[in-house]
Amino acid sequence: MAVREEKGAPKTAARGAEDNIAVIRDLHYSRGHRRIYEGLNLEIPRGRVTAIMGPSGTGKTTMLRLLTGQILPDHGSILIEGEDVAKMRRKQLYNYRKRIGMLFQNGALLTDINVYENVAFPLREHTDLPERLVRHIVLTKLHAVGLRGAWQMMPAELSGGMARRVALARAIAMDPDLILYDEPFVGLDPISMGVIVRLIRRMNDALGLTSIVVSHDVDEISSISDRTYLISDGRVVASGSPEDLQDNCSAVVMQFMNGMADGPVPFHYPAPDYGEQLLGRDS
Amino acid sequence: MKRIFQDIWYSVQDFLQTFGSSQLFLVRILAGVPAAFLRPGLIIKQIHGSGVLSLAIIGISGFFVGMVLSLQAYNSLARFGATESLGVLAALALTRELGPVVTALLFAGRAGTALASEIGLMRATDQLSGMEMMAVDPVRRVVVPRFIGGVIAMPLLAAIFSAMGLFGAWLEGVMLLGVDEGAFWQQMRSQVDVYDDVLAGILKSFVFGIAASLLAVFEGYNSIPTAEGVSRATTRTVVLTALAVLVLNFMLTAVLIGEV
């Protein structure tokens, strides 16, 4: 599939391997007897918003866990800045993680401390900055996500959208090079969703980050991503700009992008005949 | 029959695997102990959580255990005309056995379950994964301070339990049953040895503190990240701690007395 010029990409610059912050080659991963990835290849371009999409259960979150070294692949390599994550020692892995931020699906805020302390947490753990500077950074990050006024609130007092924005402020507290978003739009009302969508794009451009967004919200992700990978059956079935995917004639891509129930990806989990089962003749 | 042996074999394997994992976990915890003392605020917070918040249940239980001990002992001692020995009996029973053992059992029910469920819920809500992603080792940040807090709190709670027990025994024996107050305290002073009795009790409660805190943090940390998984971890914490305390109590008593 031809890849069109991506949004905002320098037109003259040919994208080479050195422009990729992460490169995944021949990735194989199984959970129990279930194969999640079978020879998956993809590249994450530096300074861009890359979306990873796919039907539920295709291993999108697993991809983030592999990229961050929380789990190890069965085969293949995951290179971050040329370093294989699977071969990193614990200290090296922690140093790498200091340079990345991750937004969990549920925010993963520490529930026994307030919003301010949550955002300050990585700063207090990894730096000896004076309290005045910590305060300045925390308030700046909270202001960026529009929640400076909520600094005293406890996580239990926040709505889902607010919790995710606080988690986003915490994820950028250490000024990471790479930020990973795990289903950032799930369960959000239209206002919160719009805010988060714009924040991801704005922060990526303003802070010069590289963003990886795992999601299956086609419209939202299409509005902000530079490159999109569609994963199904353990492989990348399509990649390119959101427009490329919209124009793609592949049955899998069309089914996913247009939300069709019928297609190569079955809606129903394998089951015996409906009528036979209702009549109790399936055993 | 073959299946029964197979089940027994799997249970033994499971027990050995869990025991081995818990010992490796203890090594990981101990490796983090020196660094934890550089951040005393975290430990003090946990001593408050495990110790101070357990004071009510420990104090009230100790008081009533002392009272019932006094009541039972008075009726038995009265047959031999030895009611003056009530004080020493209560003191020895409380400092050597009841104080450390009952405190450990109550600790498992109050603080142990709180620790296991708190850490289990942190696992279930991705808080521990979040820490790992921020390059913060959850064992050092979450587990070690809670473990140290529990180990420090246990002997203090046992001492409070024994003190409240003695108060209960005095109230019941001296104030209500009419035992001579001078004899009650004098016999206690002369027959209770600081090393053999009081320090032995402190040693026991220290060991129980290690066992109870380790089991609580281990079960919580390794719980399955679901509501049922956290619930099972909490239950296992209480059951395993109770068994461990009773077995350890026999072993320690045998070693301290020097006879088996």
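Residues numbered from 1 in each chain as written. Chains lettered and ligands numbered in written order. Predicted model: local features only at pLDDT ≥ 70, side-chain atom pairs only at ≥ 80, totals over all residues. Heavy atoms only, no water.

**Observations concerning the overall build of chain B**
Argument step 1. Of regular secondary structure, chain B possesses 9 helices and 0 strands.
Argument step 2. Order of helices (α) and strands (β) in chain B, N terminus to C terminus: α-α-α-α-α-α-α-α-α.
Argument step 3. Expressed as lengths along the three principal axes of its C-alpha atoms, the size of chain B is roughly 65 × 55 × 35 Å.
Argument step 4. In chain B, buried positions account for 47% of the 260 residues.
Argument step 5. Across chain B, the fraction of contacts at a sequence separation of at least 24, relative to all contacts at a separation of at least 6, is 83%.
Argument step 6. With the model as given, the accessible surface of chain B reaches about 12,900 Å², and the carbon-plus-sulfur share is 69%.
Argument step 7. Side chains of chain B give 16 positive and 17 negative charges; the mean places of these two sets differ by 11 Å. (Helix = DSSP H or I, 4+ residues; strand = E, 2+ residues; numbered from the N terminus. Buried < 20%, exposed > 50% of the residue type's maximum accessible area, 1.4 Å probe, protein only. Contact = heavy atoms within 4.5 Å. Areas by Shrake-Rupley, 256 points an atom, 1.4 Å probe, with all protein chains shown as cover. Lys, Arg positive; Asp, Glu negative; His and termini not counted. Charge placed at Lys NZ, Arg CZ, Asp CG, Glu CD.)

**Let's talk about the side chain of Asp-182 of chain A**
All names here are of chain A.
Argument step 1. Topologically, Asp-182 is positioned in strand S7 (residues 178–182).
Argument step 2. Within the local environment of Asp-182, its side chain forms a polar contact with the side chain of Thr-61, the two groups lying 3.0 Å apart.
Argument step 3. Residue contacts for Asp-182: discarding those within four places in its chain leaves Thr-61, Leu-64, Met-102, Leu-103, Phe-104, Gln-105 and Val-214. (Polar contact = N/O pair within 3.5 Å; in protein donor to acceptor, adjacent residues only side chain to side chain.)

**Looking at the sheet that holds strand S3 (residues 49–53) of chain A**
Residue and element names in this part refer to chain A.
Argument step 1. With mixed pairing, 6 strands are arranged side by side in an open sheet as S6-S7-S8-S3-S9-S10. If you trace the sheet from one side to the other, it starts and ends with strand S6 (100–103) and strand S10 (235–240), each paired once. Within the sheet, the average angular offset between the axes of one strand and its neighbour, ignoring direction, is 15°.
Argument step 2. With 4 bridges joining them, S3 and strand S8 (residues 210–214) adopt parallel strand pairing. Pairing of Thr-50 across the sheet is with Ile-212, part of S8.
Argument step 3. This element, helix H5 (residues 160–171), spans S6 and S7 of the sheet and lies at about 170° to S6.
Argument step 4. The sheet contacts of helix H9 (residues 251–258) involve S3, strand S9 (227–232) and S10, and relative to S9 the element is tilted by about 110°. (Pairing = 2+ DSSP bridges. Axes fitted to C-alpha atoms, helices over the stretch in contact; angles between N-to-C directions.)

**Here's the deal with the nonpolar core**
Residue and element names in this part refer to chain A.
Argument step 1. Ranked by size, the top nonpolar core spans 47 residues in total, and within it Val-138, Leu-168, Tyr-181 and Phe-185 carry the most contacts.
Argument step 2. Of all the secondary-structure elements, those providing two or more residues to this core are S3, helix H3 (115–126), helix H4 (131–144), H5, S7, helix H6 (190–207), helix H7 (218–224) and H9.
Argument step 3. Residues contacting Phe-185, with those up to four places away along its chain left out, are Arg-164, Met-193, Ile-196, Val-197, Ile-200, Val-213, Ser-215, Asp-217, Glu-220, Ile-221 and Ile-224.
Argument step 4. Counting 33 residues, the second largest nonpolar core, distinct from the first, contains Tyr-37, Met-63, Leu-178 and Ile-212. (Core = buried A, V, L, I, M, F, W, Y, C linked by side-chain atoms within 4.5 Å.)

**A look at the packing of aromatic side chains**
Residues and elements named next belong to chain B.
Argument step 1. Going through the model one piece at a time under the given rule, you end up with 8 aromatic pairs over all chains.
Argument step 2. Ring geometry for Phe-15 against Phe-19: centres 6.2 Å apart, planes inclined by 20°, an arrangement best described as stacked. Taken together, the residues Phe-15 and Phe-19, both in helix H1 (residues 2–36) and 4 residues apart, mark about one turn of the helix.
Argument step 3. Centroid distance Phe-25 to Phe-218: 5.6 Å. Interplanar angle 65°. Geometry classified as edge-to-face. Of this pair, Phe-25 sits in helix H1 while Phe-218 sits in helix H8 (residues 194–221), placing them 193 residues apart in sequence.
Argument step 4. Judged by relative accessible area, Phe-218 falls into the buried class, the value being 6%.
Argument step 5. Site record: aromatic cluster; members linked through ring pairs are Phe-63, Phe-64, Phe-167 and Trp-170.
Argument step 6. The ring of Tyr-221 has Arg-123 lying over it, and the distance from NZ or CZ to the ring centre is 4.7 Å. (Phe/Tyr/Trp six-rings, centres within 6.5 Å; stacked < 30°, edge-to-face > 60°. Lys NZ or Arg CZ within 6 Å of the ring centre and 35° of its normal.)

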